[in-house]
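The lines below spell out each chain.
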Number of protein chains: 2
Amino acid sequence: MAAIPNGIPEKTIERLSEYRRTLHACRAQGITHIFSHVLAGIHGITAVQVRRDLMLIGFSSDTKKGYDVAVLIDYISAILDSADPMNIAVLGMGHLGQAITKYFNGKGLKLKITAAFDVDPSKVGTTIDGIPCYHMEHFEQMAEELDLSMVVVSSPTSVAPQLVLPIINAGIKGVLNFTSTPLTFPQGIVVENYDITTLLEKVAYFVKEGDSNG
Amino acid sequence: MAAIPNGIPEKTIERLSEYRRTLHACRAQGITHIFSHVLAGIHGITAVQVRRDLMLIGFSSDTKKGYDVAVLIDYISAILDSADPMNIAVLGMGHLGQAITKYFNGKGLKLKITAAFDVDPSKVGTTIDGIPCYHMEHFEQMAEELDLSMVVVSSPTSVAPQLVLPIINAGIKGVLNFTSTPLTFPQGIVVENYDITTLLEKVAYFVKEGDSNG
């Protein structure tokens, strides 16, 4: 990730997103209050970490009953969400693109995947999971029309570098790249390169170390 | 992520995995040496960070030509890889499970996805992308037979909590959970909970902050 424009660290932002999901699940089960150590336990971290994160965003209304779930959801949402909904396009509607779309939409988030782009004739012109799929060659011209601000790159890795220029030209502000090629963009475009292989290699490493230390 | 059994931080492990992928790509293009600032630039970080990471693993053979690509690959591999290949099973062979399998295998890694488990009758008993798909009810008994040490949880979120006990009983050592429910395991089992929504929310947040600060 490039520059951090304000004081909240990336990792805290990630955890706020995770806390909010857990809080939503709590609310759906009728839970109105939650203690920091319970929230911490669910996420495998310490209560100190939870309290530090919430202090960083200025939330301190801890009561004897714990945090008010609904209030904390609103508070985190005010930090994370933008006033206007952000439209996201998926570039590459293979298994990963479809998994992300299915997974993401219908969660009632402010972020919405509203369009997909591909080059496969069997996909272009169809609607997949409720999302229209356009030909990649129309991406630049359609980005404005569709008011797209972010893209998910889930194309084959070999194609990814060719997408950089169209993404810049389309005025996209944020890129989440799942291919194996890290993509770089000019300043002003936020990019997160995330190869899933890394996560598996990390888990494998700590399994191995646990073995040799145990 | 739970305990870190030795001195190398999680984030360094992630970056080592990323450096190695880039180094493999360099080698494939015939590049034999790379400077720390070039490697840093590809990953959008500073050269100081790269050098610090490599110092942490005891690698210091920086020459006037930069790092020797082949030597550094071997060095990182000695840190990340275990001597024996680790077999991974995917629990839930929907779009995400299939994307991960396709993506992961055929990369010549020490880690291999060797089996899938699902409950869908149209998948059970078939071979998907070269991986046999078994019924989830046979997971515990088959884990030993198949010598599984890790699982990827890519089932529907609602199903995920029911998988915890079978995973423990099967003697699995590492879990990468992509569902929206964080899973907790007893000590000795490494778990990484990774909801893709978090990544998108993070990018959206920094886009929003960039906007308001710009």
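Residues numbered from 1 in each chain as written. Chains lettered and ligands numbered in written order. Predicted model: local features only at pLDDT ≥ 70, side-chain atom pairs only at ≥ 80, totals over all residues. Heavy atoms only, no water.

Observations regarding the overall build of chain A
The condition is simple: Helix and strand definitions follow DSSP, with helices as H or I runs of at least four residues and strands as E runs of at least two, each counted in order from the N terminus. Residue exposure (1.4 Å probe, protein chains only): buried if accessible area is under 20% of the type maximum, exposed if over 50%, otherwise partly exposed. The contact definition used throughout considers only heavy atoms, calling two residues in contact when any of these lie within 4.5 Å. Surface accessibility in these figures is a Shrake-Rupley result with a 1.4 Å probe; residues are shielded only by whichever protein chains are displayed. Positive residues here are Lys and Arg, negative ones are Asp and Glu, while His and the chain termini are left out of the count. Throughout, a charge is located at the NZ atom of Lys, the CZ atom of Arg, the CG atom of Asp or the CD atom of Glu.
The helix and strand tally for chain A stands at eight helices and nine strands. In terms of overall dimensions, chain A has C-alpha extents of about 60 × 45 × 35 Å along its principal axes. The burial tally for chain A puts 53% of its 214 residues in the buried class. Sequence separation of at least 24 residues holds for 55% of the intrachain contacts in chain A that already meet a minimum separation of 6. Carbon together with sulfur atoms contributes 56% to the accessible area of chain A, which is approximately 9,300 Å² in total. Of the side chains in chain A, 17 bear a positive and 22 a negative charge, and the two mean positions are spaced by 11 Å.

A look at the side chain of Ser-17 of chain B
By the secondary structure assignment, Ser-17 of chain B is in helix α1 (residues 10-28). Judged by its relative accessible area of 1%, Ser-17 of chain B is buried. Each residue touching Ser-17 of chain B, except ones within four places of it in the same chain, is listed here: Thr-197, Thr-198 and Glu-201 of chain A together with Leu-80 of chain B.

Remarks on helix α1 (residues 10-28) of chain A
Residue and element names in this part refer to chain A. Our working definition: Every helix has an expected span of 1.5 Å times one less than the residues it contains.
Across its 19 residues, α1 extends 28 Å between first and last C-alpha, which sits within 8% of the 27 Å expected from 1.5 Å per residue. When you tally the buried positions in α1, you get 14 out of 19 residues, the bulk of the element. Within two residues after α1, Gly-30 carries a phi angle of roughly 85°, on the positive side.

Considering the packing of aromatic side chains
Residue and element names in this part refer to chain A. We apply this condition: Any two rings among Phe, Tyr and Trp, with Trp reduced to its six-membered ring, count as a pair given centres within 6.5 Å; such a pair is stacked if its planes are under 30 degrees apart, edge-to-face if over 60, and tilted if neither.
The full count for this structure, using the stated rule, is eleven aromatic pairs over all chains. Plain terms: the ring middles of Tyr-205 and Phe-206 are 5.1 Å apart, the flat faces sit at 80° to each other, and that makes the pair edge-to-face. By relative accessible area, Phe-206 is classed as buried at 2%.

Observations regarding the sheet that holds strand β3 (residues 86-91) of chain B
Residues and elements named next belong to chain B. Under the convention used in this document: Between any two strands, pairing holds if DSSP finds at least two bridges.
Spatially, β5-β6-β4-β3-β7-β8-β9 is the arrangement adopted by the seven strands of the open sheet, whose pairing is mixed. Because the sheet does not close on itself, it has two edges, and the strands there are β5 (127-128) and β9 (190-193). Relative to strand β6 (residues 131-135), β5 runs antiparallel, the two being bridged by two bridges. Paired with Ile-128 across the bridge in β6 is Ile-131.

Observations regarding the domain arrangement of chain A
One widely used convention gives an interface's size as the accessible area the parts lose upon coming together. Quick note on the threshold: All the domain ranges listed were derived from an automatic or database domain assignment.
One can read the domain layout of chain A as domain 1 (10-80) and domain 2 (86-198). For domain 1 of chain A versus domain 2 of chain A, the separation of C-alpha centres amounts to 30 Å.

Re the packing of helix α2 (residues 36-43) of chain B against helix α3 (residues 47-56) of chain B
Residues and elements named next belong to chain B. Our working definition: Only the stretch in contact is used when a helix axis is fitted, and all axes are lines through C-alpha atoms; the angle between N-to-C directions ranges over 0 to 180 degrees. Throughout, the term roughly parallel applies to angles under 35 degrees, roughly antiparallel to angles over 145, roughly perpendicular to angles from 65 to 115, and oblique to all others. Asp, Glu, Lys and Arg are counted as charged, while Ala, Val, Leu, Ile, Met, Phe, Trp, Tyr, Cys and Pro are counted as nonpolar; the rest, among them Gly, fall into the polar class.
The N-to-C vectors of α2 and α3 enclose an angle of 110°; their axes lie 8 Å apart at closest approach. In this view, α2 runs roughly perpendicular relative to α3, as classed from their interaxial angle. Within the contact between the two elements, α2 uses Ser-36, His-37, Leu-39 and Ala-40 and α3 uses Ala-47, Val-50 and Arg-51. Broken down by class, the residue content of the contact of α2 with α3 amounts to four nonpolar, two polar and one charged.

What about the pattern of salt bridges?
The line we're drawing: Basic side-chain nitrogens of Lys or Arg form a salt bridge, by our definition, when they fall within 4 Å of a carboxyl oxygen of Asp or Glu.
Applying the stated criterion across every chain, the model contains 20 salt bridges over all chains. Among the salt bridges present, the one from Lys-202 of chain B reaches Glu-10 of chain A, with a minimum N-O distance of 2.7 Å. Of the two residues, Lys-202 of chain B sits in helix α8 (residues 196-213) while Glu-10 of chain A sits in helix α1, which places them in two different chains. Judged on exposure class, the residue Lys-202 of chain B and its partner Glu-10 of chain A are both buried.

Here's the deal with the interface of chain B and chain A
Which entries qualify depends on this criterion: We define buried area as the total accessible area lost by two parts upon association, computed with a 1.4 Å probe and summed across both. Definition of a polar contact: a pair of N or O atoms within 3.5 Å, with one able to donate and the other able to accept a hydrogen when the atoms are protein atoms, and with sequence-neighbouring residues admitted only if both atoms are side-chain atoms.
Contacts between the two partners involve 67 residues from chain B and, on the opposite side, 67 residues from chain A. Carbon and sulfur atoms make up 66% of the area that chain B and chain A hide from each other, which totals about 6,400 Å². Contact with chain A buries area across many residues of chain B, yet His-95, Leu-200 and Phe-206 of chain B alone supply 11% of it, more than any other trio. The tally of links from chain B across to chain A stands at ten salt bridges. For the salt bridge of Asp-195 of chain B with Arg-21 of chain A, the shortest nitrogen-to-oxygen distance reads 2.8 Å. In this assembly, chain B and chain A are joined by 26 residue pairs in polar contact (both at pLDDT 80 or more). The dominant element in the side of chain B that touches chain A, judged by the number of residues it contributes, is α8 of chain B, at 17 residues. Partitioning the side of chain B that touches chain A into residue classes produces 34 nonpolar, 17 polar and 16 charged.

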